[in-house]
Amino acid sequence: MKRTDIIQSLINKISAENYLEIGVSAGENFRDIKCKNKVGVDPETSTPATIHTDSDSFFKTDKRTWDIIFIDGLHHADQVYRDINNSLKVLSDGGFIVCHDMNPQLEEHQTLPYQGGIWNGDCWKAYVQLRQERDDLAMCVVDTDYGCGIITKGYQEKLDKIDDLNFNTFSQKRKEWLNLISPETFLSKIVASNTNKNDYDVKYLTNLLHHYIQHPEDPEINYLIAMFYWDIGQTAACMSYCLRTVERSDSKLLQYECLIRAAMCYEKQGTRKFTVKGLIQNAMIVMPKRPEAHFLLARHYEHHNQSDDGAWKDCYQTACLAEAFCERDPEPLRTDVDYPGFYGILFEKAISSWWCGLCDESRDLLQDLLDNDDLNDTFKASVIDNLKRLTKDDNAGLPRLNWYRKRDHKKLRYNFRNSRDIEKNFAESYQDMFVLSMLNGKKNGTYLEIGAGNSFYGNNTALLEGNYNWTGVAIDIDENFVNAHNTERKHTCVLKDALKINYERFLLGLDMPNDIDYLQLDCDPPEVTYKILLNIPFETYRFAVITYEHDYYCDETKSFRNKSRKYLESFGYKLVVDNISPDDDRPYEDWWIHPDLVHKKIIDKMVCVDGKTKKAEKYMFNSL
Ligand SMILES: C[S@@+](CC[C@H](N)C(=O)[O-])C[C@H]1O[C@@H](n2cnc3c(N)ncnc32)[C@H](O)[C@@H]1O
């Protein structure tokens, strides 16, 4: 029986879906493992690992849980000890850790450093260390393939303290120290067993109480009993063992965690909100810089906003203080206290600021949270829901565009007239802000918008119409867009194929002036936009500003950008910005002006043509 058989039989036993392998090497084992989601971690880029990094870095950032974890990375005791402890934090209930090379046969097989030949490293020391420290684990080593250690959450008698972990004693005591079992016993006792959780709980508690009777003042035992009661939902018992731990422990961190846990017990019971608050405040006093208690207090105020006067202000104040003073990345607590991460504090600040009348701040914070990749799904959904409810923004949750926000005003490339009053824009890549910049915040301007799209979300003329009283006409081929536009916007959108319009007659019929302030050309694919460009009556009409979408990044022919440039230049237009992109690598638009219709002073300020791709946000905020 090889390690792969051991691992696969455990995967099959618990119908595991998520498998993690630390140390993949040539993939001899990884390749053969059958599991729905497999992740292999190895710093060597030549290995078939799916993530190339060392295990410490991996566990620092990756917080997914795993059903089976195979530890076979760096074979040094300290590293294996860290790998096992890190794995225990992300092991799903009922999951297994398998550790390779736990049973070296000869002294030289385990001597550091690696000297070639058969070599297991001194991983066994990490395993034996845990056998002395943890009675909340069940551990054994299957005597095959250099020793496959199996660890699961459970119960075991701890080994008596071993003063000197040396190979001589190990070779005499390996059966006891490793809890060595045969492959047959593994198959019959572990793979085929159907241990009842209740039996296990009873055994575990009996063991804890046995220790407790002998050492009632030991904070660790009190803590373990508290957590046992928490896990089985006995909050009254949990809370009293938490308080006993607080009174007996010298560790501030343990006191802090237990005060929070006690508050969580009262919270679950649901009737003692002042006690909950008091316990959380006590935790804050013990470790003022830790963020968890601040978050829980802010959330407590949030939840009691209807019954307590001033609760929103208290929530906001708590969140602000936490943001200013608390550690962002503190040493982890031993157990989960319902703290999502630092974004939880920002979330509380965002919600409470709204009810404190700080609506701009609230909107900005919620938008920032949407951009935060750490957010879990529940928080993300709540942020979107709040954005929709509080700010009446129905587009909340759609992919975030490069939206301008009032607080960005000072950074603008050009502070055009009345720009200070703009709360937010709508265009995908600041096209509306660009048009206003070139025309110094012109009021009552005119536009022709070809390829209108959504009436607000990502739309280039909504801001001009809404804030600057522009008039104009939009064209789109999609009936839904046109209907929405005509219901929600002041000016018309016509349902037409922009390729089939005689623009000379069209503009005449609309009584448009010969100098129009803004022309938007945006109908994918690139060939269509270019053909429309050729139909615009540039002999009769001049446009102060043109945004032209050439979609160079996805134009297979790579020809339309150049053709459009030549064509517009032939009518005297000047390129002001080339290769605008919503991000760093999708050049999709050029922005043009007619030099007779735009002030030179502004052109000089705004011009930026260098052949490079420009993220619109960086261009508009002068940070290229
Ligand atoms: C014994 S081999 C793994 C064999 C593989 N698990 C198998 O059963 O086929 C050890 C691997 O661990 C990798 N390794 C070394 N240090 C590591 C670390 N800190 N984290 C993860 N992997 C590490 C090495 O690059 C090497 O590929």
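Residues numbered from 1 in each chain as written. Predicted model: local features only at pLDDT ≥ 70, side-chain atom pairs only at ≥ 80, totals over all residues.

Asker: Would you mind going over the site of the ligand with me for this structure?
Answerer: Around the ligand sit 19 residues in total, of which Gly23, Ser25, Asn29, Gly73 and Leu74 are the nearest. Here the residues of the shell around the ligand are counted per class, giving five nonpolar, seven polar and seven charged. (Near = placed C-beta within 6 Å. Nonpolar A, V, L, I, M, F, W, Y, C, P; charged D, E, K, R; others polar.)

Asker: What's the story with the sheet that holds strand β2 (residues 37–41) in this structure? I'm lost.
Answerer: The strands making up a sheet associate through backbone hydrogen bonding, with each pair oriented either parallel or antiparallel. If you walk across this open sheet you meet the seven strands as β2-β1-β3-β4-β6-β5-β7, and the pairing is mixed. Edge strands, defined here as strands with exactly one partner in the open sheet, are β2 and β7 (180–181). Sitting on the sheet, helix α3 (residues 77–89) is in contact with β1 (18–22), β3 (66–71), β4 (91–99) and β6 (148–153), with an inclination near 160° to β4. (Pairing = 2+ DSSP bridges. Helix = DSSP H or I, 4+ residues; strand = E, 2+ residues; numbered from the N terminus. Contact = placed C-beta atoms within 7 Å. Axes fitted to C-alpha atoms, helices over the stretch in contact; angles between N-to-C directions.)

Asker: Explanation requested: helix α5 (residues 167–178) in the structure shown.
Answerer: Since there are 3.6 residues in each turn of an α-helix, residues three or four apart along the chain are aligned in direction. With twelve residues, α5 extends just 13 Å between its outermost C-alpha atoms, more than 12% less than the 16 Å of an ideal straight helix rising 1.5 Å per residue. Every buried residue of α5 is listed here: Phe170, Arg174 and Leu178. Axial view of α5: buried residues confined to an arc of 70°, hence all on one face. Counted as exposed and oriented over 90 degrees from the buried face of α5: Asn168, Gln172, Lys175 and Glu176. (Expected span 1.5 Å × (residues − 1). Buried ≥ 20, exposed ≤ 12 C-beta atoms within 10 Å, placed from the backbone. Arc of directions from axis to C-beta.)

Asker: What exactly am I supposed to notice about the environment of lysine 173 here?
Answerer: Following the sequence through the fold, lysine 173 ends up in helix α5. Once the C-alpha coordinates of lysine 173 and leucine 439 are considered, the two residues, 266 residues apart in sequence, prove to be 86 Å apart.

Asker: Hey, could you run me through the domain arrangement of the chain in this one?
Answerer: Reports often express the size of an interface as the amount of accessible area lost when the parts come together. On domain assignment, one finds that the chain holds domain 1 (3–194), domain 2 (198–391) and domain 3 (406–620). Counting residues at the interface gives four residues for domain 1 and five residues for domain 2. Looking at the side of domain 1 that touches domain 2, its residues break down into one nonpolar, one polar and two charged. (Domains from an automatic or database assignment.)

Asker: Please clarify how the packing of helix α9 (residues 235–248) against helix α10 (residues 252–269) should be interpreted in this entry.
Answerer: Helix-helix packing is described using two parameters, namely the angle between the two axes and the distance between the axes. Running from N to C, α9 and α10 point in directions that differ by 155°, and their axes come no closer than 8 Å. Considered as vectors, α9 and α10 are oriented roughly antiparallel to each other. Taken as a pair, α9 and α10 cross one another with a handedness that is left-handed. Taking contact as the criterion, the partners of Thr235, Cys238, Met239, Cys242, Leu243, Thr245 and Val246 in α9 are, on α10, Leu254, Gln255, Cys258, Leu259, Arg261, Ala262, Cys265, Tyr266, Lys268 and Gln269. Considering only residue class, the contact of α9 with α10 consists of eleven nonpolar, four polar and two charged. (Parallel < 35°, antiparallel > 145°, perpendicular 65-115°, else oblique. Left-handed = near helix turned anticlockwise from the far one by under 90°.)

Asker: I tried to follow the environment of cysteine 320 on my own but got confused; where do I start?
Answerer: Its place among the elements puts cysteine 320 in helix α13 (residues 311–325). When the C-alpha atoms of cysteine 320 and leucine 346 are compared, they prove to be 8.4 Å apart, with 26 residues separating the residues in sequence.

Asker: Looking at this structure, I do not really get the pairing of β1. What am I missing?
Answerer: Successive side chains on a regular strand alternate, one facing one side of the sheet and the next facing the other. With four of five residues buried, β1 is to be regarded as a mostly interior element. With five bridges joining them, β1 and β2 adopt parallel strand pairing. Following the sheet pairing, asparagine 18 is matched in β2 by asparagine 37. Here β1 pairs with β3 via four bridges, running parallel. In the sheet register, glutamate 21 faces β3, and the bridge partner there is phenylalanine 70.

Asker: Can you help me understand helix α12 (residues 291–303) in this one?
Answerer: Taking 1.5 Å per residue as the helical rise, α12 with its 13 residues ought to reach 18 Å, and the 18 Å between its terminal C-alpha atoms agrees with that figure. Within the sequence span of α12, burial applies to Pro291, Glu292, Ala293, His294, Phe295, Leu296, Leu297, Ala298, Arg299, His300, Tyr301 and Glu302. Tucked inside the fold, the buried residues of α12 contact α10, α11 (273–286), α13 and α14 (343–355).

Asker: Could you clarify how one ought to interpret the packing of α12 against α14 in this entry?
Answerer: Between α12 and α14, whose axes approach to 9 Å, the crossing angle comes to 30°. Between α12 and α14, the angle falls in the class roughly parallel. For the pair α12 and α14, the sense of crossing is left-handed. Contacts from Pro291, His294, Phe295, Ala298, Arg299 and Glu302 in α12 reach Gly344, Ile345, Glu348, Ile351 and Ser352 in α14. When its residues are assigned to classes, the contact of α12 with α14 shows five nonpolar, three polar and three charged.

Asker: Even after reading the chapter, I still don't get the sheet that holds strand β11 (residues 515–521), so can you show me in this structure?
Answerer: Across the sheet, eight strands lie side by side as β10-β9-β8-β11-β12-β14-β13-β15; this open sheet has mixed pairing. Strands with a single pairing partner mark the edges of an open sheet, and in this sheet they are β10 (493–495) and β15 (614–615). In the packing of helix α19 (residues 479–488) onto the sheet, the strands contacted are β9 (471–476) and β10, and the crossing angle to β10 comes to about 150°.

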